[in-house]
Amino acid sequence: MKVIMLGAPGAGKGTQAKKIAAKYQIPHISTGDIFRANIKNGTELGKKAKTYMDQGLLVPDELVVDLVVDRLNQEDCKNGCVLDGFPRTIPQAEALDKALKSLGQKVDYAVNVEVPDENIVTRMGGRRACVGCGATYHLVYAPTKEEGICDTCGGGLILRDDDKPETVTKRLNVYHEQTQPLIDYYAQAGILKEVDGTKDIEDVFREITGILGE
Ligand code: ADP
Ligand code: AMP
């Protein structure tokens, strides 16, 4: 099963993708996480990606597509995967279709997590990420057991640079211009599934499993 998560930044794609990966035993592939790991490790890719990410812009397609195609070719993706944060542009979606076709595969579901822009700024302002393992929390909606400490690895928590309000507004504009057209793209392909992302995390997940099956 190949699943794509669509939705604005902060809509809850990563939160739901992790739950899908655990339930259906498929890898969770987040291009944002891959870039952040590269930044942390000081790689050339990380240095290039950071200049775009810090401004709330998308990393150019040519830096993203090969990375994802290589990842999809790995053995653990044979039975499926959940893609989170990719594709984000029409050329990325076309490149994904082409790469999967050459493997005799296709995208099965494009799940659009719908959250209005008004809710997004609150979501992102309260998001906290672990500096150690990258796990994501929310001060109000998904708090850690102990304040400021990651439940998984005990690492410290930070507000991502690109979650500061001025960058969030930019990212939302970029989303509407470059990523939202994917909703029509997948609707035309007949695989678009809409879920209400304003509900509680568990309720959103129940809607998703209702679509993907038990
Ligand atoms: P995305 O991957 O789409 O950028 P995240 O999954 O990181 O978004 O979620 C953004 C923030 O909102 C996180 O802090 C997360 O804990 C919180 N969050 C996710 N889903 C919900 C929800 N359904 N209700 C309230 N908060 C949520
Ligand atoms: P995310 O963690 O998905 O919110 O991504 C954080 C940032 O990484 C985005 O704002 C972009 O700058 C960059 N990024 C992640 N995925 C992609 C992608 N598929 N295409 C272009 N840029 C991306």
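For clarity, every value in this text was computed on a predicted model and none was experimentally measured.

A. Seen up close, the overall build of the protein chain. Counting its regular elements, the protein chain contains 9 helices and 8 strands. Over its C-alpha atoms the protein chain spans a radius of gyration of 16 Å, differing by no more than 12% from the 17 Å that the globule rule assigns to 214 residues. Its C-alpha atoms give the protein chain principal-axis dimensions of roughly 45 × 40 × 35 Å. Across the 214 residues of the protein chain, 44% fall into the buried class. Residue pairs in contact within the protein chain that sit at least 24 positions apart in sequence constitute 69% of those at least 6 positions apart. Only carbon and sulfur atoms are counted for the fraction: they give 51% of the accessible area of the protein chain, which is about 10,800 Å². When the 27 basic and 32 acidic side-chain charges of the protein chain are each reduced to a single mean position, those positions are 3 Å apart.

B. Layout of the pattern of salt bridges. Applying the stated rule across the entire model yields 15 salt bridges. Among the salt bridges present, the one from Glu-214 reaches Lys-23, with a minimum N-O distance of 2.9 Å. Separated by 191 residues along the polypeptide, Glu-214 in the segment after helix 9 (201–212) and Lys-23 in helix 1 (residues 13–24) bring together distant segments of the chain. When its relative accessible area of 34% is taken as the criterion, Lys-23 is described as partly exposed. Across the pair Lys-78 and Glu-75 runs a salt bridge whose closest N-O atoms are separated by 3.2 Å. Note on Glu-75: relative accessible area 59%, which makes it exposed. Residues participating in the shared-partner salt-bridge network are Arg-127, Arg-160, Asp-162, Asp-163 and Arg-171.

C. Examining the site of ligand 1 more closely. Around ligand 1 sit 20 residues, and of these Gly-14, Thr-15, Arg-127, Tyr-137 and Lys-199 come closest. At 3.0 Å, a backbone N or O of Gly-12 approaches an oxygen atom of ligand 1. The separation between a nitrogen atom of ligand 1 and a polar side-chain atom of Arg-123 is 3.4 Å. Its free accessible area being 560 Å², ligand 1 has 93% of it covered by the protein chains. When the residues that make up the shell around ligand 1 are grouped by side-chain class, the tally is 8 nonpolar, 7 polar and 5 charged.

D. Layout of the sheet that holds strand 5 (residues 127–130). Taken together, 3 strands build an open sheet; the order of strands is 6-5-7 and the sheet is antiparallel. In the strand order of this sheet, the two ends are held by strand 6 (136–138) and strand 7 (157–158), each with one partner. Here 2 bridges tie strand 5 to strand 7, and the two strands are oriented antiparallel to one another. In the strand pairing of strand 7, Ala-129 is matched with Ile-158.

E. View of the packing of helix 2 (residues 31–40) against helix 4 (residues 61–72). Axis separation between helix 2 and helix 4 bottoms out at 11 Å; the angle between their running directions is 105°. As the angle between them shows, helix 2 and helix 4 are arranged roughly perpendicular. Judged by residue contacts, Thr-31, Ile-34 and Phe-35 of helix 2 engage Leu-63, Val-64, Leu-67 and Val-68 from helix 4. Split into classes, the residues belonging to the contact of helix 2 with helix 4 amount to 6 nonpolar, 1 polar and no charged.

F. Representation of the nonpolar core in the model. Counting 49 residues, the largest nonpolar core has Met-5, Ile-20, Leu-96 and Tyr-186 as its most contacted members. Setting aside residues no more than four positions away along its own chain, Leu-96 makes contact with Ile-4, Leu-72, Leu-83, Phe-86, Pro-87, Val-107 and Tyr-186.

G. Looking closely at helix 3 (residues 44–53). Taken together, the buried positions of helix 3 are occupied by Leu-45, Gly-46, Ala-49 and Met-53. Taken end-on, helix 3 shows its buried residues confined to a sector of 90°, consistent with a single buried face. The inward-facing, buried residues of helix 3 contact helix 2, helix 4 and helix 7 (165–179).

Cut-off values and rules
Residues numbered from 1 in each chain as written. Chains lettered and ligands numbered in written order. Predicted model: local features only at pLDDT ≥ 70, side-chain atom pairs only at ≥ 80, totals over all residues. Heavy atoms only, no water. Helix = DSSP H or I, 4+ residues; strand = E, 2+ residues; numbered from the N terminus. Rg over C-alpha atoms; globule rule 2.2 N^0.38 Å. Buried < 20%, exposed > 50% of the residue type's maximum accessible area, 1.4 Å probe, protein only. Contact = heavy atoms within 4.5 Å. Areas by Shrake-Rupley, 256 points an atom, 1.4 Å probe, with all protein chains shown as cover. Lys, Arg positive; Asp, Glu negative; His and termini not counted. Charge placed at Lys NZ, Arg CZ, Asp CG, Glu CD. Salt bridge = Lys/Arg side-chain N within 4 Å of Asp/Glu carboxyl O. Near = heavy atom within 4 Å. Polar contact = N/O pair within 3.5 Å; in protein donor to acceptor, adjacent residues only side chain to side chain. Nonpolar A, V, L, I, M, F, W, Y, C, P; charged D, E, K, R; others polar. Pairing = 2+ DSSP bridges. Axes fitted to C-alpha atoms, helices over the stretch in contact; angles between N-to-C directions. Parallel < 35°, antiparallel > 145°, perpendicular 65-115°, else oblique. Core = buried A, V, L, I, M, F, W, Y, C linked by side-chain atoms within 4.5 Å. Arc of directions from axis to C-beta.

So, to be careful, I would describe these as geometric facts and stop short of saying anything about function.
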